[in-house]
Amino acid sequence: MSLSTGIVGLPNAGKSTLFNALTRTPVEASNYPFCTIDPNVAVVEVPDLRLLHLSALLSPDSTISTAIQFTDIAGLVRGAANGEGRGNEFLFHIRKTDALLHVIRCFEDASVSHVEEGGLVPVRDAEVVEAELLLSDLEVAERNLAALDKVVKSDPRSSRQVEAEGLRRVQTSLQDGQPVSSVELNDAEEVALRAYQFLSAKSSLFVANVAEKDLPDGGAGAQALQQSFGENRVLVISAQIEAEIAQLDDAEVKRAFLGELGLDRSGLDRLISRTYELLDLITFYTTANGKLQAWQLPAGTTCPVAAGRIHSDMETGFIRAEVAAATDLEEVAGELTRLREQGKLRTEGRDYPIRDGDVVTFLFK
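The present account deals with the structure reproduced in this document. Bear in mind that the values here come from a model prediction, so they are computed numbers and not experimental data.

All right, on to the overall build of the protein chain then. Each helix and strand counted, the protein chain has 14 helices and 12 strands in total. Against the 2.2 N^0.38 benchmark of 21 Å for 365 residues, the protein chain shows a C-alpha radius of gyration of 23 Å, consistent with a compact globule. The principal-axis extents of the C-alpha atoms in the protein chain amount to approximately 70 × 65 × 35 Å. Buried positions account for 49% of the 365 residues belonging to the protein chain. Considering only contacts in the protein chain between residues 6 or more positions apart, those separated by 24 or more positions represent 68%. Accessible area of the protein chain: about 17,900 Å², with a carbon and sulfur share of 48%. Of note, the protein chain has its 35 positive side-chain charges centred 6 Å away from the centre of its 55 negative side-chain charges.

Okay, here's the thing in structure tokens:
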């Protein structure tokens, strides 16, 4: 299962240009609103130097990286939650995503129209889209709560009482202009409300789409976003530059180009790293049947659940796991015998939380 990320923003913020750059999948990108109608979806391999090193050491028959799925929807406008610009239809396509990337235009270009009056004001533009996400969630909460209240009133012992109570608190928060992520729900309520897939409950990252001259710091627009939403939630990228980088196949040429811009990594690498941080994800590796494979997991996931990430039978039949750190494996040139002699090939049980960079062999019935 790939990490799934939805891309949102006002029209002409540079979403489709960024999508093209990240995925190398050509989709139409123009300087007029609603160029994108149907959602564009692409799955991209996650850059992983650790996986490349392991593959060189172990020489497997095949190497499989983790992946991230990007879904680019049409630009949202004021009133999107009420159907303006077909907004609700577009928002439906990203409700199942794990995280949101909110692309905000921070570059001046007279040839690219702006849908908001008053010119380029990044913080205002961000707030317009964020408000539409909240209003869309409020519509979902109110519509479902009306039906749910009838159920629990007709049957006070209904198992859906927990769901109704949680949904009422969500509704109140949204009416106050606060996202679902700010609502304190108990474990039972969280489970009951999971199916609603509230947009404002998702982890989100603001992508400040800047002009080349404003790299690497982002200029005034990006700085204003950082002051409003927090520095750790804003990533500075030039979608146009990323599009140019995506056309470079030579690694040395790409590194030199990035260096001239004051960047040490491409936007894709930085974006994926920040998304992993937002979702508190780690990567672990398995080697079996001549295949080396990387897997994504939430930090703190225990061995049996991690095994179930590969196959459900492995979780139910879990016995134990043999675990080594990728760095330790590199130090002994991939020789498991030497690793075992050094005591660095460990046997772990059901309660062991998989760590980032673990190389794991699961034993199961």
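That shown, we press on.
If you trace the 6 strands from one edge of the open sheet to the other, you get β3-β9-β8-β12-β10-β11, paired in mixed fashion. Because the sheet does not close on itself, it has two edges, and the strands there are β3 (62-64) and β11 (346-348). Taking the axes of each pair of neighbouring strands and ignoring which way they run, one obtains an average angle of 30° across the sheet. Bridge analysis of strand β10 (residues 318-325) against β11 gives 3 bridges, and the strand direction is antiparallel. Within the sheet, the bridge partner assigned to Glu322 lies in β11 and is Thr347.

All right, on to the side chain of Thr283 then. In this fold, Thr283 is placed in strand β8 (residues 281-288). A relative accessible area of 7% places Thr283 in the buried class. Not counting residues within four places of it along the chain, the set of residues in contact with Thr283 comprises Asp48, Arg50, Thr66, Tyr276, Ala294, Trp295, Arg355, Asp356, Gly357 and Asp358.

What follows deals with empty space enclosed by the protein. Inspection of every chain in the model, using the stated rule, returns 1 cavity of 30 Å³ or more. Of all the secondary-structure elements, those providing two or more residues to the lining of the largest cavity are β5 (99-105) and α4 (122-154). Tallying contributions element by element places β5 first for the lining of the largest cavity, with 4 residues. For the lining of the largest cavity, the residue count by class is 8 nonpolar, 4 polar and 2 charged.

All right, on to the sheet that holds strand β7 (residues 234-237) then. Spatially, β2-β4-β1-β5-β6-β7 is the arrangement adopted by the 6 strands of the open sheet, whose pairing is mixed. Of all strands in the sheet, those bounded by a partner on one side alone are β2 (40-45) and β7. In this sheet, neighbouring strand axes are inclined to one another by 25° on average, regardless of whether the strands run parallel or antiparallel. Relative to strand β4 (residues 67-72), β2 runs antiparallel, the two sharing 6 bridges. Within β4, the residue paired with Ala42 across the bridge is Phe70. Across the face of the sheet, helix α7 (residues 219-229) comes into contact with β5, β6 (203-209) and β7 while running at roughly 170° to β7.

Turning to the environment of Arg168, a few remarks are in order. Secondary-structure assignment places Arg168 in helix α5 (residues 161-175). You can call Arg168 partly exposed: its relative accessible area is 29%. Along the chain, Arg168 and Ala141 lie 27 residues apart, while their C-alpha atoms are 8.0 Å from each other. Contact partners of Arg168, with chain neighbours within four places excluded, come to Leu145 and Asp149.

Okay, the pairing of β4 next. On a regular strand, each side chain points to the face opposite its neighbour's, so the side chains alternate between the two faces of the sheet. Among the 6 residues that make up β4, 5 are buried, leaving the element largely enclosed by the rest of the structure. Where strand β1 (residues 3-8) lies against β4, 5 bridges are found, and the strand directions are parallel. If you follow Thr5 over to β4, its bridge partner there is Phe70.

The next subject is the pairing of β6. Summarising burial for β6: 6 of the 7 residues are buried, a large majority. Note that β5 and β6 share 7 bridges and pair parallel. Note on β6: the bridge partner recorded for His102 is Phe206. In terms of strand pairing, β6 meets β7 through 4 bridges, oriented parallel. If you follow Asn209 over to β7, its bridge partner there is Ile237. Regarding the hand of the β-α-β motif, the stretch spanning β6, α7 and β7 is right-handed.

Turning to the nonpolar core, a few remarks are in order. Counting 23 residues, the largest nonpolar core has Leu18, Ile68, Phe70, Leu101 and Leu271 as the members making the most contacts within it. Of all elements in the fold, only β1, α1 (15-23), β2, β4, β5, β6, β7 and α10 (267-279) reach the threshold of two or more residues within this core. Broken down by element, the residue count for this core peaks at 4 residues, all from α10. Beyond its immediate chain neighbours, meaning those up to four positions away, Leu101 contacts Thr5, Gly6, Ile7, Val8, Phe70, Leu205, Val207, Leu271 and Thr275. Counting residues in each nonpolar core, the second largest holds 19 residues, with Val210, Leu215, Val234 and Leu261 among its members.

Procedures and definitions
- Residues numbered from 1 in each chain as written.
- Predicted model: local features only at pLDDT ≥ 70, side-chain atom pairs only at ≥ 80, totals over all residues.
- Heavy atoms only, no water.
- Helix = DSSP H or I, 4+ residues; strand = E, 2+ residues; numbered from the N terminus.
- Rg over C-alpha atoms; globule rule 2.2 N^0.38 Å.
- Buried < 20%, exposed > 50% of the residue type's maximum accessible area, 1.4 Å probe, protein only.
- Contact = heavy atoms within 4.5 Å.
- Areas by Shrake-Rupley, 256 points an atom, 1.4 Å probe, with all protein chains shown as cover.
- Lys, Arg positive; Asp, Glu negative; His and termini not counted.
- Charge placed at Lys NZ, Arg CZ, Asp CG, Glu CD.
- Pairing = 2+ DSSP bridges.
- Axes fitted to C-alpha atoms, helices over the stretch in contact; angles between N-to-C directions.
- 1 Å grid on protein atoms, 1.4 Å probe; cavity = no way out; pocket = protein on both sides within 12 Å on 5 of 7 lines; lining within 4 Å.
- Points joined across faces, edges and corners; volume = space filled by probe spheres on them.
- Nonpolar A, V, L, I, M, F, W, Y, C, P; charged D, E, K, R; others polar.
- Right-handed = clockwise from strand over helix to strand, strands pointing away.
- Core = buried A, V, L, I, M, F, W, Y, C linked by side-chain atoms within 4.5 Å.

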